[in-house]
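# Observations on the three-dimensional arrangement
So the chains spell out like this:
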Amino acid sequence: MTEDLLSAELISEGLETLLTGKKVLYYPEVGSTNETARQEAGRGAPEGTVVIAGKQTQGRGRLKRSWMTPEGNIALSVILYPQMAFMPSLIMVASLAAARAIESATGMETQIKWPNDVLINGRKVCGILIETDIRPERVNYAVIGIGINVNMKIEELAGVRTPATSLSHETGGEVSRLKILRALLENMDALYHILLSGGSVFAEWRDRLVTLGQEVRVTAGDTAFEGIAESVNSDGSLIVRRQDGRLERVVAGDVTLRR
Ligand code: BT5
């Protein structure tokens, strides 16, 4: 591997952001950046603080699943103190920022799989986990965790149950984590400021969804059903037409594309 050093200074130097990455905490190795970010948020870290790890030993996905982050990849968490009204848009901000950053840094085209995966050629290259501390009527903090497979051999992903890939595998060469990280933070910042100024990021997110029009299988809690993903609402929920014709609104859950 050629030199792709990371440090807080390299990541934040000259970054064109208003909030995101003004404070960067870089750890060569950490359990989970989301866990560290939650502790920092609990201590009142400034909004936009970013926790980045060279490697995670206990990276986590949704529903207590695990997320592999060996050396050479990106694992980061951003601390935000958003209004409650912004909550449904955070997943859109995060997945759009990741998609845009990957595209600008590699020239590869990406798709977003509802609600939180970024794909290249139909394979997952990025996962997002948002963890929040919500007090009645108010968000204490939100931690946006993003994991991107950057320089990872395809064999390292062999144990993963859904189709997955890495940027180095797709581009056929080593990819600069620094370039992607900086683009990611700049895009996150710009997209979050659209929310802060009363705008919406919904249309771009919807237009990038690969899920719409597809046959899907939805599992949510104890229930599972199949149907066609017809549309999404501006709150991010997915509208699925079941085989018996009924429309179902899916707020959380796992969606598998049945291709
Ligand atoms: C996710 O969960 O996709 C969210 C992943 C979020 C990871 C970031 S890294 C920074 C921050 N700190 C953390 O501790 N987490 C966040 P989910 O949709 O539940 O997908 C998890 C599933 O993806 C696992 O059950 C595996 O099957 C698969 N998987 C694990 N590692 C993977 C990888 N590196 N690439 C692709 N798929 C993976």
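Before reading further, recall that the structure is shown in the block above.
In short, a report on the structure. Quick caveat, the model's predicted, so the values are computed rather than measured. (Residues numbered from 1 in each chain as written. Predicted model: local features only at pLDDT ≥ 70, side-chain atom pairs only at ≥ 80, totals over all residues. Heavy atoms only, no water.)

## A word on the site of the ligand
Basically, it comes down to this: Here a residue is near a molecule or strand as soon as one of its heavy atoms is found within 4 Å of it. Pairs of N or O atoms are called polar contacts if they sit within 3.5 Å, as long as, within protein, a hydrogen donor faces a hydrogen acceptor (for residues adjacent in sequence, only side-chain-to-side-chain pairs). For each structure, a 1 Å grid was placed over the protein atoms alone; sets of points admitting a 1.4 Å probe that cannot get out are labelled cavities, open sets with protein on both sides within 12 Å along at least five of seven lines are labelled pockets, and lining residues have an atom within 4 Å of a point. Grid points define the cavity or pocket, and a molecule sits in it when more than half of its atoms lie within 2 Å of them. Amino acids are sorted into nonpolar (Ala, Val, Leu, Ile, Met, Phe, Trp, Tyr, Cys and Pro), charged (Asp, Glu, Lys and Arg) and polar (every other residue, Gly among them).
Taken together, 27 residues surround the ligand, and among them Ser32, Arg60, Arg65, Lys124 and Asn149 come closest. In the model, an oxygen atom of the ligand is placed 2.8 Å from a nitrogen or oxygen of the Arg60 main chain. Arg62 places a main-chain nitrogen or oxygen 2.9 Å from an oxygen atom of the ligand. Comparing atom positions with the cavity grids shows the ligand to sit within the largest pocket. Class assignment for the residues of the shell around the ligand results in 10 nonpolar, 12 polar and 5 charged.

## Topic: the layout of surface pockets
Quick note on the threshold: Grid points are joined across faces, edges and corners, and a volume is the space filled by probe spheres set on the points. Helical segments are the DSSP runs of H or I of at least four residues, strand segments are the runs of E of at least two, and each set is numbered from the N terminus.
A volume near 950 Å³ is recorded for the largest pocket. As for the largest pocket, its lining consists of 42 residues, of which Trp67, Asp117, Lys124, Arg161 and Thr162 are closest to the centre. Those elements that provide at least two residues to the lining of the largest pocket are helix H2 (33-42), strand S3 (74-80), strand S5 (117-120), strand S6 (123-135), strand S7 (138-148) and strand S12 (254-257). At 5 residues, S6 tops the list of elements feeding residues into the lining of the largest pocket. Looking at the lining of the largest pocket, its residues break down into 14 nonpolar, 18 polar and 10 charged. In terms of lining, the second largest pocket is formed by 26 residues, of which the most central are Ile91, Pro115, Ile130, Val251 and Ala252. Those elements that place two or more of their residues in the lining of the second largest pocket are helix H3 (87-106), S6 and strand S8 (215-220). Per-element tally for the lining of the second largest pocket: the top contributor is S6, with 5 residues. Per-class residue counts for the lining of the second largest pocket are 15 nonpolar, 7 polar and 4 charged.

## Let's talk about unusual backbone geometry
Just so we agree on the cut-off: Residue exposure (1.4 Å probe, protein chains only): buried if accessible area is under 20% of the type maximum, exposed if over 50%, otherwise partly exposed.
Along the chain, Trp114 connects to Pro115 via a cis peptide bond; the corresponding omega equals -10 degrees. When you line up the elements, Pro115 lands in the loop between strand S4 (111-113) and S5. Of note in this structure, Leu63 is not a glycine but carries a positive phi near 50 degrees. Along the polypeptide, Leu63 turns up in the loop between strand S2 (50-53) and S3. Under the relative-accessibility criterion, Leu63 is labelled exposed at 65%.

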